[in-house]
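Residues per chain, in single letters:
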Amino acid sequence: MRKKIVAGNWKMNNSLNETINLINDLKQNVGRTDVKVMISPSFPFLKTAVDQLKDVNIEVVAQNINDNKSGAYTGEVSTDMLKSVGVYTTLIGHSERRAYYHENDELLLKKINLALESNLNIIFCFGEELKDRKSNSHFDIVKSQLDNTVMKLDAKSWQKIVLAYEPVWAIGTGETASADQAQEIHEFVRNYILEKFSHKIANDLSIIYGGSVKPSNAVEIFNKKDVDGGLIGGAALNSNDFIQIIKANN
Ligand code: PEP
């Protein structure tokens, strides 16, 4: 079922105390909302976040998984470890993982398959770089990122997927895609999924936008018909801003 979502990606920020303080602010101030609120602290704080949010409708999400089930992969975190601390959703394919850790489509597909086998939900991130947009190849790039990954899934797997369109040139840069630019890609992706799978799958799928979403631009972006919410980086580190963004999606 298509949902409105606002997910905060805290990246490699915050100490344990800062994490707890931010969670407490959200607990006290998010209030009743139809929006599915998610937060993604760093690995060491996931269990604390799950415990703190036990009776609260805010889901804790991992920022990454390893593509192997278990074993000799020093420094890595497995899907089973996440489930054992109460985390049932993970980001996959964030542009920072693609750029700094060279995660390509082949690896991302392995991660997607393992997450699904492990019964995790996925927020799958994709999006073009500035050079792609400048050369007007953004539709082709987005299509190929999806073709090489989620388009290979079977129909029933889509229940476990949220897509996050995150143009790389808009992430952490202060440069936001206009609401029309976001809508154009979201509509293209939804139509493509409709063509390849079904009307129901396309219609039930949440496609969220990420890239310098702030309280000042969230309403306009979230009002677009194919934008179901946002993946928020910088602004999610400030509880007031994050709460305003959640309210913008009501
Ligand atoms: C992100 O990291 O997913 C993101 C969208 O970051 P920011 O909001 O800071 O651009």
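A brief look at the structure comes next. (Residues numbered from 1 in each chain as written. Predicted model: local features only at pLDDT ≥ 70, side-chain atom pairs only at ≥ 80, totals over all residues. Heavy atoms only, no water.)

The tally for this structure, following the rule as stated, stands at 20 salt bridges. Two residues, Arg2 and Asp228, come together in a salt bridge whose shortest N-O distance is 2.9 Å. Taken as a pair, Arg2 in the segment before strand E1 (5-9) and Asp228 in the loop between helix H10 (215-222) and strand E8 (229-232) lie far apart in primary sequence, 226 residues in all. Judged by relative accessible area, Arg2 falls into the partly exposed class, the value being 25%. With its nearest N and O atoms 2.8 Å apart, the salt bridge here joins Lys224 to Asp180. (Salt bridge = Lys/Arg side-chain N within 4 Å of Asp/Glu carboxyl O. Helix = DSSP H or I, 4+ residues; strand = E, 2+ residues; numbered from the N terminus. Buried < 20%, exposed > 50% of the residue type's maximum accessible area, 1.4 Å probe, protein only.)

A few words now on the nonpolar core. Formed by 65 residues in total, the largest nonpolar core has its most connected members in Phe124, Trp158 and Leu163. Looking at this core element by element, the count peaks at 6 residues for helix H8 (residues 179-196). With residues near it in sequence (within four places) discarded, Phe124 still touches Ile92, Gly93, Arg98, Leu108, Ile112, Leu146, Thr149, Val150, Val162, Leu163 and Ala164. In terms of nonpolar packing, the next biggest core, distinct from the first, is built from 11 residues, Met38, Ile123, Ile208 and Leu231 among them. (Core = buried A, V, L, I, M, F, W, Y, C linked by side-chain atoms within 4.5 Å. Contact = heavy atoms within 4.5 Å.)

Moving on: the site of the ligand. The full set close to the ligand counts 14 residues, and Lys11, Glu166, Gly172, Ser212 and Gly233 are the nearest of them. Within the backbone of Ser212, one N or O atom sits 2.8 Å away from an oxygen atom of the ligand. Calculation on the ligand without its partners gives an accessible area of 300 Å², and the protein chains cover 96% of this total. In terms of residue class, the shell around the ligand is built from 4 nonpolar, 8 polar and 2 charged. (Near = heavy atom within 4 Å. Polar contact = N/O pair within 3.5 Å; in protein donor to acceptor, adjacent residues only side chain to side chain. Areas by Shrake-Rupley, 256 points an atom, 1.4 Å probe, with all protein chains shown as cover. Nonpolar A, V, L, I, M, F, W, Y, C, P; charged D, E, K, R; others polar.)

Okay, the packing of helix H1 (residues 16-29) against helix H11 (residues 239-248) next. Between H1 and H11, whose axes approach to 10 Å, the crossing angle comes to 40°. Between H1 and H11, the crossing angle belongs to the class labelled oblique. Remark: the crossing between H1 and H11 carries right-handed chirality. In this structure, H1 uses Leu22, Asp25, Leu26 and Asn29 to contact H11, whose residues at the interface are Ser239, Phe242, Ile243 and Lys247. The residue inventory of the contact of H1 with H11, partitioned by class, reads 4 nonpolar, 2 polar and 2 charged. (Axes fitted to C-alpha atoms, helices over the stretch in contact; angles between N-to-C directions. Parallel < 35°, antiparallel > 145°, perpendicular 65-115°, else oblique. Left-handed = near helix turned anticlockwise from the far one by under 90°.)

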